[in-house]
Amino acid sequence: MDETLAASTPQPAATDGAMPASGLHGLTFSKGHGTGNDFVLIADPEDAHQISPEQVVVLCDRHRGIGGDGLIRAVPSRFLPEGRLLLEADPAAEWFMDYRNGDGSLSEMCGNGVRVFVHFLLEQGLASLEAGESLTIGTRGGIKKIVRTAEGYAVDMGPWEFIFPKDATSKAMDSLVSADGLEVARPGLSVSMGNPHTVVALAELSELNSTQLFKAPVVDPKPVNGTNVEFVVPAEPLVHDGIGNITMRVHERGVGETQSCGTGACAAAVAIRHWAGEGAPDTWRVSVPGGVVGVRFFRGETGKEHVELSGPAVIVATGSLS
Ligand SMILES: N[C@@H](CCC[C@H](N)C(=O)O)C(=O)O
């Protein structure tokens, strides 16, 4: 081949193709989603598969792999140092959700992922969940308890926190957020749901639809570990039949734009309820491109205000890696 042509021909990247995933030959996987936020799921009851970040990238690749926003390995908590700590606090947290974003990076928490993870454990016969009972699991964001609902599952996500400390009544914003398609930078409020989020309110659905989320929005200043960014439009009127209604799009850290983000929906409800002030409801319906999830605030076991996330979980396929 002509040298100039050879130099300008795209060459496969080091992680391209099946090579980096070859150590996983024959491994059984499932593919699942919660409101379109999709995951590759692998059961690893003996902690036999250390899936590297490069292998996660290959498996989550939508053209050359299985495809997914992230990968979830189901592993007994006793095999991981962070899992053993959780077991000391609650021996019921037998299974650990080992979650990675599609780019191979770790995140503390994944709200849609927890529901899909529990559905996967039940379908695989690795756990049981009777009506009226809860299932306890370990995550990097701590212990979570899950119950069945008519639509799927509800998860006690634990307490929320402001990332940049402020008085509970302060309406001060934390950052300026810019994104392609937005004429001017907008103020954002950063909320931790175990993982970081920055929520930006927009006035109109047309503005939400014309915001480009292919590239990560610029958040200044940014939470120290990076952030997921939610753009949210409150419904008009905001509250209908006692339920607050919002529409959201999200750019996820380590992934890109996704169809849904459970922790993002919780953070969005926290922010809009905070801005709405006294009398704002405790129950919220969050519409995302992939469907609808529910968010509810209640006084939790810790004595603090907790956030409950509810929504569906679906397993669409099971197969083995070639
Ligand atoms: N889609 C998830 C959140 C996944 C993690 C996130 N990308 C991060 O890096 O924090 C959800 O449903 O919560």
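Residues numbered from 1 in each chain as written. Predicted model: local features only at pLDDT ≥ 70, side-chain atom pairs only at ≥ 80, totals over all residues.

Caption draft 1: Inspection of the site of the ligand at higher detail. Lining the immediate environment of the ligand, one finds 17 residues, of which Ser107, Asn112, Asn195, Gly262 and Thr263 sit closest. Per-element tally for the shell around the ligand: the top contributor is helix α4 (residues 111-123), with 3 residues. Partitioned by chemical class, the residues of the shell around the ligand number 3 nonpolar, 12 polar and 2 charged. (Near = placed C-beta within 6 Å. Helix = DSSP H or I, 4+ residues; strand = E, 2+ residues; numbered from the N terminus. Nonpolar A, V, L, I, M, F, W, Y, C, P; charged D, E, K, R; others polar.)

Caption draft 2: Region of interest: the nonpolar core. Core analysis: the largest hydrophobic core is formed by 74 residues, its most contacted members being Phe117, Val232, Ala265, Cys266, Ala268, Ala269 and Val286. Residue contributions to this core peak at 8 residues, all from helix α6 (residues 262-276). Inspection of this core shows a minimum of three residues originating in each of domain 1 (11-159 + 314-320) and domain 2 (161-296). If near-sequence neighbours (up to four positions away) are discounted, alanine 269 is found in contact with Ile246, Trp284, Val286 and Val295. (Core = buried A, V, L, I, M, F, W, Y, C linked by C-beta atoms within 7 Å. Buried ≥ 20, exposed ≤ 12 C-beta atoms within 10 Å, placed from the backbone. Domains from an automatic or database assignment. Contact = placed C-beta atoms within 7 Å.)

Caption draft 3: Spatial organisation of the domain arrangement of the chain. Partitioning the chain into domains gives domain 1 (11-159 + 314-320) and domain 2 (161-296). Domain 1 and domain 2 are separated by 25 Å when their C-alpha centres are compared. Taken residue by residue, the interface counts 21 residues in domain 1 and 20 residues in domain 2. When residues of the side of domain 1 that touches domain 2 are traced back to their parent elements, those giving at least two are α4 and β7 (153-159).

Caption draft 4: The environment of arginine 115, seen in detail. Along the chain, arginine 115 falls in helix α4. Judged by the 30 C-beta atoms lying within 10 Å of it, arginine 115 is buried. Taking the C-alpha atoms as reference points, arginine 115 and threonine 169, 54 residues apart in sequence, are found 32 Å from one another. With near-sequence residues (within four places) excluded, arginine 115 lies in contact with Gly34, Gly152, Tyr153, Val155, Gly311 and Ala313.

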